[in-house]
Every structure is written in structure tokens, then in C-alpha cells.
Amino acid sequence: MADDEGIGGLIGALFMLVLVVTAVILAVMALMSVGALFGAGTALRNYGLAFSNNIKPERATT
Amino acid sequence: MSTAPEPAIKSYFFGKGYADLRATITESWQRNLASASDHFGKAGRLFPGEMGDKAQAILYGAAAVSVVVFGTAFFLLASVLHIAVLFTFFLLIYIGFTLVYLTERGYLAWRQFFTVCPDCHQKSRLPEYYCRRCGEVHRRLIPSSYGILHHTCTCGEKLPATFFLKRGELKSRCPECQNLLEAGHTESRKAFVPVFGGPSVGKSAFLFSAVHQLVDQSASLGFQPSFLESRTESEYQRVCEQLAQGRTPDKTLAALPRAFNVQLQRSGQSPRVLYLYDPAGEAFNETEGMVLHRYQEYLSGLVFLIDPFTLPAVQEQYEDLLPGVRDALKPSSLPVEDALSRILISMEEHFGMEPTARIKQPVAVVINKTDAFDLEQVIGEPVVQARIKASPEPVTAETAQGQIIREQLLRWDQAHLVQQLEARCTRVRYFTCSSLGRMPDGTTRPFEARGVLEPLLWILGLADSAFAAQARKAA
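Now for a quick tour of the structure.

Cut-offs applied
- Counting restarts for each chain, with residues numbered from 1 along the sequence as it is written.
- For this description, chains carry letters from A and ligands carry numbers from 1, given in the order in which they are written.
- Confidence filtering applies because this is a predicted model: local features only for residues at pLDDT of at least 70, side-chain atom pairs given and counted only at 80 or more, and all residues used for totals across whole chains, interfaces and linings.
- Excluded from the side-chain calculations are hydrogens and water; all other atoms, namely the structure's heavy atoms, are used.
- The rule is short: rings of Phe, Tyr and Trp, with Trp giving its six-membered ring, pair when the centres are within 6.5 Å, and they are stacked under 30 degrees, edge-to-face over 60, tilted in between.
- Put simply, DSSP H or I for four residues or longer makes a helix, DSSP E for two residues or longer makes a strand, and each gets a number counted from the N terminus.
- Burial status follows relative accessibility: with a 1.4 Å probe on protein chains alone, a residue under 20% of its type maximum counts as buried, one over 50% as exposed, and anything between as partly exposed.
- Counted as over-ring charges are cases with an Arg CZ or a Lys NZ within 6 Å of the ring centre that also lie within 35 degrees of the ring normal.
- When checking whether two residues touch, look at their non-hydrogen atoms; a contact exists if any pair is within 4.5 Å.
- Disulfides are defined as cysteine sulfur pairs within 2.5 Å.
- The distinction between a cavity and a pocket rests on a 1 Å grid over the protein atoms alone: a 1.4 Å probe fits inside a cavity but cannot get out, while a pocket stays open yet meets protein on both sides within 12 Å along at least five of seven lines, and a residue with an atom within 4 Å of a point counts as lining.
- Grid points are joined across faces, edges and corners, and a volume is the space filled by probe spheres set on the points.
- Two parts placed together each lose some accessible area under a 1.4 Å probe, and the buried area is that loss summed for both.
- Put simply, a salt bridge is a Lys or Arg side-chain nitrogen that is within 4 Å of an Asp or Glu carboxyl oxygen.
- Here a polar contact is taken to be a pair of N or O atoms separated by no more than 3.5 Å, where protein atoms must pair a possible hydrogen donor with a possible acceptor and residues adjacent in sequence count only if both atoms sit in side chains.

With respect to the packing of aromatic side chains
All names here are of chain B. What the rule picks out here adds up to 26 aromatic pairs over all chains. Geometrically, the ring pair formed by phenylalanine 113 and phenylalanine 163 is edge-to-face, given 6.1 Å between the ring centres and 65 degrees between the ring planes. Taken as a pair, phenylalanine 113 in the loop between α2 (51-111) and β1 (115-116) and phenylalanine 163 in the loop between β6 (158-160) and β7 (172-173) lie far apart in primary sequence, 50 residues in all. The exposure classification of phenylalanine 113 matches that of phenylalanine 163, with both residues buried. Among the aromatic residues, those joined into a cluster by ring pairs are Phe14, Tyr18, Phe87, Phe90, Tyr94 and Phe97. The ring of tyrosine 130 is capped by lysine 171, whose NZ or CZ atom sits 5.1 Å from the centre of that ring. Of note, lysine 190 hangs over the ring of phenylalanine 114, and the distance from its end group to the ring centre comes to 5.2 Å.

Now the structure itself:
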């Protein structure tokens, strides 16, 4: 009886561990995805700024 | 072809577009590196902290990597797109200006328009144009990378870059000597006729009298005459006044003088501009060389003026009368054969003409001073008319005149001259004229030239079909 209770507790603990590890991995993946999107946005903004700073038709001097 | 930069704004797609692309890539890459470095820095600082800080550190770390990865991908993609756009416009503009340029060149070649400076006599495809606002010189105002139809001067003024948009209305100058040119020096069909002969054969009087008759008879010839420049018109009026007052024109001093330009316009036709040259007889050797060297590409014909009183036979024939009028008659000091030899030698030296080759351009051999003594009765119009009447077969005035003058030259022991002329010139025609109409006698009676226009019209008629009818009419 006591053995059955020990196995059940172990399974429960393992389940909880898997759950926690999965949650951490998902959280890290979510953070990385958000980070990647943020980085991509930054890169896009950087190109846009560089484009607007440099693409200018030549003007007459007077 | 000059590659010196023009004082104009180059098409964006031919220069600045590529510099801008390079600057954009450089700046975006620098910004990406700065962003990545910033994110990595934040991640490094936050990671040792609490859970929340660690989460932020992961976010910044991912962002830093993403900036580098996506930044590279973006700039690669955007650059490809950017280059494609630049090249498309580059190609479109290149095709555009090439087509307009070739159309213009073709049209100008068909109309036989090119630029000849009346000062330095240099032929060029195009003069240099001044900006109408700032006066800056545009050396190649043609459809190019500076613009298909217009160039924008650095001052902002839009200048027409093609003949079709009235580029000729801009002030222009010779690319060689930088003297100012008129539109007619470029946008006209031209005829180039130098008047050769030794000193005192009457070249200046011949030239101005011929122009005077051309202007006088322009209505009947169907042309509207005008002068391209006010200084030419002033010179013409001054010499005409001198002739009207019984004074001979001033002696030409310049070895290679400025061309005397007359523009002739007929309705519905492109303008014709005559370039007439009256080089000083003294500088004969160098003059012929210079003139022929300069005009070798576009010479229309030569007027070879002969003073009959340089011929020993004529001097002998009138030896009793000559001493009394020597000052008035001013016989030329250069033997006729020498004058012709110098032209031929110059042609050989400067045209690369073989010693046995023939001059292709028409040569009008004109015996001047026929007003003296009874020369008119010997080789003038009355004899021509008599020959026509006496001839058993129909003969034209041109043929009769040629026969009479040729025969008379032979009688004057000029067989070698005639043989030289006929052997070395493809088209020779003999004329007589009196460029003053009478001998100078110190009175103010006007000089009235005879027979000066026909030689000119004959050459023009052969050089340009527009003058052919006029030449026949004059004949």
C-alpha cells in the first residue's frame, strides 16, 4: 500500500517537473520569439532610417 | 569625347543613386551593429539578476542575434530591390537619351548642319553653350546622363539639351577659340568659298561686290539675305560705301581672315550660310595651306582670281597704254602660274593629294579687270554673244564663254596654265569680271562691278542643289 503511494508521488513529482520544465522552455521560446521580432523590427527601422538619411536627389546650388 | 564634368546636375540614376545606395547599406549596417551591441550589453548586465531580469536578458539576447540576422537579410533584400530600381531607370534613361541623341545627330547630318567657327575656322559637332542665367559654360549640351531633353545647370536653370527644343537660341561659343558664335554658325547648311589670287588681283573688291550683287538680286534669286553678326554687316556697309564713293576697299592684312558670313533664307528651306574668305595675297603660301588645311573636309569650291596684267603677253599688248594707268590698275606682282602652283602644292601638302591627283571641288577661274582698255571686247560679254550667234550649232553662253577665255589664255601664251588647270581640277569653268566696273581714277563716281556673282553662284550651284536654279538663272 505504502509502495503504491510512493510510486504515485514520484509520478506526480515527475509530472510536475516535466510541466515546469516545459513551461520554462515555452517561456524562453516565447521570450526569444518576442526578442527576434523586436530585433527584426529594429533592423527594419535601422534600414528605414539609413534610407531616409541617404536617398536624396541632387539639388541646385542656388 | 570630353569627359570633363559638366556644370549641371547629373541624372540621379547615373551617379548619386549608387553613392546613396552605398551610404544606405553602410549606415544601416552600422546601426544594426550598434543595436546588436546595445542588446548584447543589456542581456549581459541583466542575466545574473532575478528571474525577471533573466527573462529580459533572454529577450535582449534573442533580439541582438535577430538584429544581425534579419538586418543582414533586410539589407541584402533591400539592396537587390534598390539596385534593380536604379538599373531599370538607368537603362530607361540611357535608352532615352541615346535615342534622342541619335535622332538629333541623324537629323543634323541629314540637314547637313555642323558648326564652323568664322574666326578659327574649326569644324566641330557642337558649340559650347552658356547658361542663360549664370553664364556657366556647358560643353556638351546634348542628351546625356545629365538629362534627356534638358540639363539642369548647377544654378538651377533648365537648359534645352537638343536641337529640337531650340538649343540654338542659347548664346554659344567656339570650343576651339572661345569666340562667340551665332545660331547660324551651327544650325544652317553651309558653303565655303575662298577667293585665291596674288596680291592686288582684286580679291576684296570681288568678294564685297559679289555679296553686294547677291544682296541686290536676292529677291529675284528667291532668297532673303541677312548677316549673322552686326560687325559683318557694318563691314559690308562700310565697304559698300567706299565702293559707292569710288574708293577701293582697304587691303586685306590678315593671312587667314575671319570668314565673311551671309545667311540666305528661302521660305520652307533650312537657312544657307555662306563662308567667304578673302585671304591676303602676300601671305599666299601659308594662307592657302592654312585655309585648305582647315577647310579640307568641307570646301565647296575655289575662286581663282587672275589679274590679266600679270601676263607678259598682255603687258606687251598694252605696253603703250600701261605706264599711264599703272597706279590705277595696280598689276599683281605674282605670276599667275606661281599662284596656281602654290594652291596645288598646298593641296598636296595639306590634303595629302597625290602630285597627279585632281582637285574634286569646282574651281572658278576668273579673269578680273576686264574693264581695262578693250579687254571686254576681247574676252567679255559682247564676244560671247557674237560667238553664240556665229556658231553653226546651238551653244550655251557658258560653253561660249569658256571657249573664248580658254582660247585667249592660249593666245596669251598660257598653255601651261590651262593645261595645269584642266589636268589638276575636275571641274573648271572660266569667267571674266570687273570687280570695280571701271579703273580707279580718283573721282567719286561709284564702282559698279560686273560678272562677280556668276562664279560664286556656279560654285554654290554645284555645292548645294538649292542654288542650282539660281546659278542657271544668273548664267
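Focus: the environment of A:Glu58
One can find A:Glu58 in the segment after α1 (2-54). By relative accessible area, which is 43% here, A:Glu58 ends up partly exposed. Taking the C-alpha atoms as reference points, A:Glu58 and A:Ala43, 15 residues apart in sequence, are found 27 Å from one another. Ignoring any residue separated from it by four or fewer positions in sequence, one finds A:Glu58 in contact with B:Ile9, B:Lys10 and B:Lys16.

Describing the state of the cysteines
This structure, assessed with the given rule, holds 0 disulfides over all chains. Note on B:Cys425: no disulfide assigned, nearest cysteine sulfur contributed by B:Cys433 at a separation of 18 Å.

As for the layout of surface pockets
Residue and element names in this part refer to chain B. Its boundaries defined by the atoms lining it, the largest pocket holds a volume of some 570 Å³. Lining the largest pocket are 35 residues, and of these Ser200, Gly202, Thr248, Pro249 and Lys330 lie nearest its centre. Where the lining of the largest pocket is concerned, the elements lending two or more residues are α3 (203-216) and α8 (322-329).

Regarding the interface of chain A and chain B
Listed per partner, the contact involves 27 residues of chain A and 34 residues of chain B. For the pair chain A and chain B, the two sides together bury roughly 2,400 Å², of which 68% comes from carbon and sulfur. Linking chain A with chain B are 0 salt bridges. Where chain A meets chain B, there are 10 residue pairs in polar contact (both at pLDDT 80 or more).

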